[in-house]
Amino acid sequence: MSSTSFLPQSIKNDKENPPHSDLWHKCKKLLQQRLSERKYQLFKDVESISFDNKVLILAVKDFKMMDKLENLIDNRRNNNGIFVETLKEVYGDDMQLMYDVETI
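This write-up is about the structure you can find in this document.

### Considering the nonpolar core
At step 1: Core analysis: the largest hydrophobic core is formed by 28 residues, its most contacted members being W24, L31, F43, V60, L87, Y91 and Y99.
At step 2: Among the elements of the structure, α2 (20-34), β2 (55-60), α4 (63-74), α6 (82-91) and β3 (96-101) are those that each provide at least two residues to this core.
At step 3: The element best represented in this core is α6, accounting for six residues.

In structure tokens:
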């Protein structure tokens, strides 16, 4: 799967604006530390496609996976908001989340 970034090359290499793949790697590392192994496994096949204009687009393999991630967001009380808080910590409070679902 290829990643698409809409940032100019000069911004991609700027230390203040790391590439979206670096941000997602940081996010996954934090989630691995903060979530149970079972919940962290949800993120095994999730990848970042882009982060531009405060919108993070994650690639997921199917709608079932998207629903599981949405349930983590919706059930913040059950997991203390770890997923949402980690996203905000890495991407900023005003970020938005979208999904790219693979279809056959």
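### Topic: the packing of aromatic side chains
At step 1: For the structure on display, the rule yields four aromatic pairs.
At step 2: Seen from their ring centres, Y40 and F43 are 6.4 Å apart, and the 35° between their planes marks the pair as tilted.
At step 3: A relative accessible area of 12% means that Y40 is categorised as buried.
At step 4: Three or more aromatic residues joined by ring pairs make a cluster, and in this case those are W24, Y40, F43 and F83.

### Details of the environment of L23
At step 1: Inspection of the secondary structure assignment puts L23 in helix α2.
At step 2: Residue L23 is classed as buried on the basis of its relative accessible area, which comes to 13%.
At step 3: Placed 28 residues apart in sequence, L23 and F51 show a C-alpha to C-alpha distance of 8.7 Å.
At step 4: With residues up to four places along the chain from it excluded, the contact list for L23 reads P18, F51, V90 and Y91.

### Focus: the packing of α2 against α6
At step 1: Direction vectors running N to C along α2 and α6 enclose 145°, while the axes themselves pass 10 Å from each other. Like other packed secondary-structure pairs, α2 and α6 cross with a definite hand, here right-handed. For the pair α2 and α6, the contacting residues are H20, L23, W24, K26, C27, L30, L31 and R34 in the first and I82, F83, T86, L87, E89, V90 and Y91 in the second.
At step 2: Class assignment of the residues belonging to the contact of α2 with α6 gives a composition of ten nonpolar, two polar and three charged.

What counts and how
- All residue numbers here refer to positions counted from 1 along the written sequence of the relevant chain.
- With pLDDT at 70 or above as the cut-off, local features in this predicted model cover only qualifying residues; side-chain atom pairs require 80 or more to be listed or tallied, and sums for whole chains, interfaces and linings still use all residues.
- Calculation of side-chain values draws on the structure's entire complement of heavy atoms; hydrogens and water are dropped beforehand.
- We call a set of buried residues a nonpolar core when its members are Ala, Val, Leu, Ile, Met, Phe, Trp, Tyr or Cys and they connect through side-chain atoms within 4.5 Å of each other.
- The cut-offs for exposure are 20% and 50% of the maximum accessible area for each residue type, with area from a 1.4 Å probe on protein chains only; residues under the lower value are buried, those over the upper are exposed, and the others partly exposed.
- Numbering of helices and strands runs from the N terminus; a helix is a DSSP stretch of H or I covering at least four residues, while a strand is a stretch of E covering at least two.
- Side-chain rings of Phe, Tyr and Trp, where Trp is taken by its six-membered ring, are said to pair if the distance between their centres is within 6.5 Å; with planes under 30 degrees apart they count as stacked, over 60 as edge-to-face, and otherwise as tilted.
- The criterion used for residue contact is that any of the two residues' heavy atoms lie within 4.5 Å.
- The axes are straight lines fitted to the C-alpha atoms, using for helices just the contacting stretch, and the angles between their N-to-C directions are given from 0 to 180°.
- By definition, any crossing whose near helix is turned counterclockwise from its far helix by less than a right angle is left-handed, and any crossing with a clockwise turn is right-handed.
- Classes in brief: Ala, Val, Leu, Ile, Met, Phe, Trp, Tyr, Cys and Pro nonpolar; Asp, Glu, Lys and Arg charged; the others, Gly included, polar.

So yeah, pure geometry; function would need other evidence.
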